[in-house]
Amino acid sequence: MKNLLLFNDFSSEAEHAAELALLLAGKTNGNLYVGNTIEYEAVPAAQHVMAGTNGNMPEVHADKNNWIEKLESRLNWETGLRPVVHFIEGIDYLTDNVLSVVKKCDAGLLIRGIAEDNEKKGYIEANILKSATKSGCPVLLIPKDFSYKMFEKMVYVTDLRFCRHEVVTFLTQLAKTIDGSVLIANMSEKGIQLMEENYARSVFEDAVLDSSNRGHVYFSNVRERNVSKAIDILVNEMNNDLLVMVNNKFHFNELLGHDSPYAIPENIRVPMLIFPS
């Protein structure tokens, strides 16, 4: 798996997302790049920092990055993992420079904490989804109340007839690395006939399952036509702890709406991995 790029605006949501980002970087042996998206005016600008190296840590002339270094130290104490962390100043994910940053970092995954409105309801900003589109990277969105642990059961909600090979490949590689599993939840799109169970399973075995993902990728043929209800069951009754969808496709829009900012239902309290459309 490639490196991770965390968007940090020094909010409590960003700090919580950093905890999971550090854990994921440690589990996948990737570098974590922390992109500070705003100027932290309370202290002077910091130099480029690399944490987690065997040599002496470079001198830091400001304390604005100390919070993540403390998280990194805690992770090492609790798990023995010590991912390498780099800080990048002045990232603006509203501009077209996201692609150049991703290329420079060799990043394969964007990470951001899920923002909340005044009523503490989660929503997804259009700009972070645009960053995913510009860079070609999926974005991992982490809710503030998700417990500090590595997700293990991923569910990719899709119509099997439009199941994307690159999404399955990415999830399979991730599942192998973290010793997790991937459930392909086949949910027919609106206006398309439901797939009969035996036929759906044969399509899954012929088109999706192969020697590279066998043992990590599983299948469920969902009969429920109400997307919100079906995803509620997949997440809260079947205990899948990472919800995977493709931006602006049927299941995404049925769950989150058609207009940004996209409101996250209160019953969905797990990280969401959104792939660009």
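Model, not experiment: these values are computed from the prediction. (Residues numbered from 1 in each chain as written. Predicted model: local features only at pLDDT ≥ 70, side-chain atom pairs only at ≥ 80, totals over all residues. Heavy atoms only, no water.)

Draft legend 1. The overall build of the protein chain, seen in detail. The helix and strand inventory of the protein chain stands at eight helices and 14 strands. Across the 277 residues that make up the protein chain, the buried fraction comes to 52%. A fraction of 78% describes how many contacts in the protein chain between residues 6 or more apart in sequence connect residues 24 or more apart. Within the structure as shown, the protein chain displays about 12900 Å² of accessible surface, and the carbon and sulfur contribution to it stands at 47%. (Helix = DSSP H or I, 4+ residues; strand = E, 2+ residues; numbered from the N terminus. Buried < 20%, exposed > 50% of the residue type's maximum accessible area, 1.4 Å probe, protein only. Contact = heavy atoms within 4.5 Å. Areas by Shrake-Rupley, 256 points an atom, 1.4 Å probe, with all protein chains shown as cover.)

Draft legend 2. Expanded view of the sheet that holds strand β6 (residues 115-116). On the basis of which strands lie adjacent, the open sheet formed by three strands has the order β6-β7-β13 and antiparallel pairing. Either end of the sheet is taken by a strand with one partner, and the two such strands are β6 and β13 (262-263). The sheet contact formed by β6 and strand β7 (residues 122-124) spans two bridges and is antiparallel. Of the residues in β7, the one forming a bridge with Ala 115 is Tyr 123. (Pairing = 2+ DSSP bridges.)

Draft legend 3. Layout of the packing of aromatic side chains. In this structure the tally under the stated criterion is three aromatic pairs. Consider the rings of Phe 170 and Phe 275, whose centres lie 5.4 Å apart with planes at 85°: the pair is edge-to-face. Of this pair, Phe 170 sits in helix α5 (residues 165-178) while Phe 275 sits in strand β14 (residues 272-275), and the two are 105 residues apart along the sequence. As far as burial versus exposure is concerned, Phe 170 and Phe 275 are alike and both buried. (Phe/Tyr/Trp six-rings, centres within 6.5 Å; stacked < 30°, edge-to-face > 60°.)

Draft legend 4. Region of the structure containing the confidence of the model for the protein chain. Of all residues in the protein chain, 88% attain a pLDDT of 70 or more, and the chain-wide mean is 87. A low-confidence stretch, residues 40-62 (pLDDT under 50), is modelled with 35 contacts involving residues beyond four sequence positions or located in other chains. (pLDDT = per-residue confidence, 0-100.)

Draft legend 5. Broad picture of the nonpolar core. Counting residues in each nonpolar core, the largest one holds 52 residues, and the members touching the most others are Phe 151 and Ile 184. With eight residues, helix α1 (residues 12-28) is the largest single contributor of residues to this core. In this structure Ile 184 touches Tyr 156, Thr 158, Leu 160, Cys 163, Val 168, Phe 204, Val 217, Tyr 218, Phe 219 and Ser 220, once residues within four positions along its chain are discounted. (Core = buried A, V, L, I, M, F, W, Y, C linked by side-chain atoms within 4.5 Å.)

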